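Spelled out from the first residue to the last, the chains are:
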Amino acid sequence: MQETHQSEAAATASSRRWAVGVTLLVLALQVALALLLQKLLQGIEVSSDVGEYRNYVEHPLILLNPPPDAKMNGGWVAAPLLPLLLAPIYHPLRYFGASEFLAFRGTMIFWFTLGFGITVYEVFRRWGAPRTKREILIALAFAISPLTWLPSAVLAQDETVAGMWCGLCFVCWSRGGVWACWAAAALGVLVAKPFLLVYFAALWMAYPAQRKMLALASSAVLSVLLGFMYLRDGQLRLLHHSVQSYMSGSLYSLAWLWDQTPTFAASRAHRHWAKAISTIPTLMAMASYMLLALRVRFTLPSAIVGIYGVMFTFLVGMMPEYELWYWSWTVLLIWIACRRGEWLLGILLYAHSILGYAYKILYSCDSKNFYAEELKPTAKWYDQHIALDLWWVMLLLSIALVLNTLCLSILIWRKYPRLIEDSVIAAS
């Protein structure tokens, strides 16, 4: 008995050391990159989202009761209490001398690092810390993934808050089970990201004994969110919101690239077309994937990653940073899959954000195939120094992303719906 307790204590200590070490590496990487960008850009902002975040930190209740002249774009469909998480980090950073450029990035770095830390600690604590060279390399791969530095240190995006909340939902599930995860997701819909609503569908898939209560409780949360937004705005902007349809690699960017008419009129027509045809196929595809659970039982991590893969395949305007909505569950699946030698699943999961950001970065460099009122600095630099037409590259990246997300969802359904449960049984 004593030897068992000593072994468990040693395993816990090892998990803690590895989690702290990898998290500190991630923090150092983000801070160093933010400082480097501050020096190179002289504080000139490159993120298109910061103007809106400025409203958030100056008026933390702006999403509850926006003034008539409020200038917001994505904020109309943001989680109503999101600014309350940004302002308490941003203002102390400004007080202690950080520039606005660094204060926004410091805020996003704080939230992402917190979510990363609690995720890897829980993964290492419950499913084992790195022991072999291969496992150490996998842990380091988590640390240098584009998701660990691009949304926070480079682009200062509020998806980092959703990434932290994803980690919270993950830990609540791991330690408290189905209803603890549901409660965290329900709160996250209001304070982190409304699209955490997809967790409710995944919980319904994974827990057949609680389906009736999950459906009732989740419907109540959805009603509260939509009811609030309707009373506030007089309409449901959340149901109609999207970014430009070709800004991310997808079925819609494929259609845009195939048409090859980068004009303002074509841009407006394509966005209207994509939004018009996106909703019904997306809902049908996600509902069909949910119904698979009537015949094939999923564990929650597989259900979440699988159904988000369907959403990324069919919904218009899914940007690579949106993967932070379910990133902790991806980390767990990669960890288990690679430790068991299931390399295809692990590689597809890890490659998703790399492909997404490759498309996004090259999109910002492409001045020939996409309509833009004003060229981005990256496009000006690219045209001056390289100037190769990126049409074929963007087309291939779009195809790769569609195949990646669709294959992931199918692979999880057909082969790995219970990967996590199998790993727990094997470990015991």
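The structure presented is a predicted model; accordingly, all values stated were derived computationally and were not measured. (Residues numbered from 1 in each chain as written. Predicted model: local features only at pLDDT ≥ 70, side-chain atom pairs only at ≥ 80, totals over all residues. Heavy atoms only, no water.)

Trainee: For this particular structure, what's the right way to read the overall build of the protein chain?
Mentor: If you tally the helices and strands in the protein chain, you get 18 helices and 0 strands. In terms of overall dimensions, the protein chain is globule-like: its C-alpha atoms have a radius of gyration of 22 Å, near the 22 Å expected for 428 residues. Its C-alpha atoms put the protein chain at 70 × 50 × 45 Å along the principal axes. Summarising the internal contacts of the protein chain: among those between residues at least 6 apart in sequence, 77% fall at separations of at least 24. Entry remark: accessible area of the protein chain is about 19700 Å², with carbon and sulfur atoms responsible for 67%. Of the charged side chains in the protein chain, 32 are positive and 24 negative, and the gap between their average positions amounts to 7 Å. (Helix = DSSP H or I, 4+ residues; strand = E, 2+ residues; numbered from the N terminus. Rg over C-alpha atoms; globule rule 2.2 N^0.38 Å. Contact = heavy atoms within 4.5 Å. Areas by Shrake-Rupley, 256 points an atom, 1.4 Å probe, with all protein chains shown as cover. Lys, Arg positive; Asp, Glu negative; His and termini not counted. Charge placed at Lys NZ, Arg CZ, Asp CG, Glu CD.)

Trainee: Any chance you could explain the side chain of threonine 113 here in plain terms?
Mentor: Structurally, the position occupied by threonine 113 is in helix H4 (residues 100-127). With near-sequence residues (within four places) excluded, threonine 113 lies in contact with Thr23, Leu27 and Gln30.

Trainee: It is not clear to me how the packing of aromatic side chains should be interpreted in this structure. Could you clarify?
Mentor: What describes a pair of aromatic rings is the distance from one ring centre to the other and the angle between the planes of the rings. One pass over the structure, following the stated rule, counts 32 aromatic pairs. Between phenylalanine 124 and tryptophan 335, the ring centres sit 5.3 Å apart and the planes meet at 55 degrees, which makes this aromatic pair tilted. Taken together, the residues span a long stretch of sequence, with phenylalanine 124 in helix H4 and tryptophan 335 in helix H14 (residues 327-339) at a distance of 211 residues. Summarising the burial analysis for this pair, phenylalanine 124 and tryptophan 335 share the class buried. Between tyrosine 289 and phenylalanine 298, the aromatic rings sit 5.8 Å apart at their centres with planes inclined by 50 degrees, giving tilted as the arrangement. In terms of burial, tyrosine 289 and phenylalanine 298 fall into one category: buried. Counting every residue linked through ring pairs, the aromatic cluster contains Trp127, Phe170, Trp173, Phe195, Tyr199, Tyr308, Phe312, Tyr322, Trp325, Tyr326 and Trp329. (Phe/Tyr/Trp six-rings, centres within 6.5 Å; stacked < 30°, edge-to-face > 60°. Buried < 20%, exposed > 50% of the residue type's maximum accessible area, 1.4 Å probe, protein only.)

Trainee: What is the right way to read the side chain of lysine 360 from this model?
Mentor: Tracing the sequence through the fold places lysine 360 in helix H15 (residues 343-365). On the basis of relative accessibility, which here comes to 16%, the residue lysine 360 falls in the buried class. Within the structure, the side chain of lysine 360 is placed 2.9 Å from the side chain of glutamate 321, a separation counted as a polar contact. When neighbours within four sequence positions are excluded, lysine 360 is seen to be in contact with Leu155, Gln157, Met319, Pro320 and Glu321. (Polar contact = N/O pair within 3.5 Å; in protein donor to acceptor, adjacent residues only side chain to side chain.)

Trainee: Quick question: what am I supposed to make of helix H12 (residues 264-291) here?
Mentor: The periodicity of an α-helix, 3.6 residues per turn, causes residues three or four positions apart to be oriented the same way. The first and last C-alpha atoms of H12 sit 41 Å apart over 28 residues, in line with the 40 Å expected at 1.5 Å per residue. The largest bend along H12 reaches roughly 35 degrees and is located at serine 278, with the proline proline 281 sitting one to four residues downstream. Taken as a whole, H12 has its buried residues at Ala266, Ser267, His270, Ala274, Ser278, Thr282, Ala285, Met286 and Tyr289. For H12, the secondary structure elements touched by its buried residues are helix H9 (198-206), helix H11 (251-259), helix H13 (300-314) and helix H17 (391-415). (Expected span 1.5 Å × (residues − 1). Bend = angle between axes of the 7 residues up to and from the residue.)

Trainee: For this particular structure, what's the right way to read helix H7 (residues 159-176)?
Mentor: With 18 residues, H7 should reach 26 Å at 1.5 Å per residue; the first-to-last C-alpha distance of 25 Å fits that figure. Of all 18 residues making up H7, 14 are buried, and the element is well covered by its neighbours. Where H7 ends, the next residue or the one after it, glycine 177, has phi of about 90 degrees, a positive value.

Trainee: What is the right way to look at the packing of H13 against H14 in this model?
Mentor: Each pair of packed helices can be described by the angle between their axes along with the distance between the axes. Interhelical geometry of H13 versus H14 gives an angle of 115 degrees and a closest axis separation of 9 Å. For H13 against H14, the interelement crossing comes out left-handed. Residues Leu300, Pro301, Ser302, Ile304 and Val305 of H13 form the contact with H14, whose own contacting residues are Trp329, Thr330, Leu332 and Leu333. Residue classes in the contact of H13 with H14 are distributed as 7 nonpolar, 2 polar and no charged. (Axes fitted to C-alpha atoms, helices over the stretch in contact; angles between N-to-C directions. Left-handed = near helix turned anticlockwise from the far one by under 90°. Nonpolar A, V, L, I, M, F, W, Y, C, P; charged D, E, K, R; others polar.)

Trainee: I'm lost on the environment of serine 409 in this one. Help?
Mentor: Inspection of the secondary structure puts serine 409 in helix H17. Residues serine 409 and leucine 344, spaced 65 residues apart in sequence, show a C-alpha to C-alpha distance of 13 Å. Among all residues touching serine 409, those that are not within four sequence positions of it are Tyr289, Gly306, Gly309 and Val310.

Trainee: Would you take a moment to explain empty space enclosed by the protein for this structure?
Mentor: If a probe as big as a water molecule is rolled over the atoms, it shows which places are left empty. What the rule picks out here adds up to 3 cavities of 30 Å³ or more. Considering only enclosed or pocket space, the largest cavity measures out at about 120 Å³ in volume. Taken together, the elements giving at least two residues each to the lining of the largest cavity come down to H15 and H17. Within the lining of the largest cavity, the residues separate by chemical class into 7 nonpolar, 7 polar and no charged. Within this model, the second largest cavity holds a volume of roughly 70 Å³. Looking at the second largest cavity, the residues that line it are Phe142, Ser145, Leu147, Glu323, Trp327, Thr330, Val331, Ile334, Leu349, Tyr350 and Ser353. At the level of elements, H14 and H15 are the ones that each hand at least two residues to the lining of the second largest cavity. Among the residues forming the lining of the second largest cavity, the class breakdown is 7 nonpolar, 3 polar and 1 charged. (1 Å grid on protein atoms, 1.4 Å probe; cavity = no way out; pocket = protein on both sides within 12 Å on 5 of 7 lines; lining within 4 Å. Points joined across faces, edges and corners; volume = space filled by probe spheres on them.)

Trainee: Quick question: what am I supposed to make of the pattern of salt bridges here?
Mentor: When their charged atoms lie close together, side chains carrying opposite charge are able to pair. Evaluation of the coordinates by the stated rule reveals 11 salt bridges. The partner of lysine 368 in a salt bridge is aspartate 383, with the nearest N and O atoms 3.7 Å apart. Note that lysine 368 is positioned in the loop between H15 and helix H16 (377-385) and aspartate 383 in helix H16, a separation of 15 residues in sequence. By relative accessible area, lysine 368 is classed as partly exposed at 40%. Among the ionic contacts, a cluster of salt bridges with common partners joins Glu122, Arg125 and Arg175. (Salt bridge = Lys/Arg side-chain N within 4 Å of Asp/Glu carboxyl O.)

Trainee: Explain the nonpolar core to me, please; I cannot follow it from the model alone.
Mentor: A general trend in soluble globular proteins is that nonpolar side chains are found buried together. By size, the foremost hydrophobic cluster in this structure holds 125 residues, and its most contacted members are Trp173, Tyr199, Leu300 and Trp329. Of all the elements, H4 adds the most residues to this core, at 12 residues. Those residues in contact with tryptophan 329 that lie beyond four places of it in its chain are Cys166, Cys169, Phe170, Trp173, Cys181, Tyr199, Leu300, Pro301, Ile304 and Val305. Membership of the second largest hydrophobic core comes to 18 residues, among which are Trp256, Tyr363, Phe370 and Leu401. (Core = buried A, V, L, I, M, F, W, Y, C linked by side-chain atoms within 4.5 Å.)

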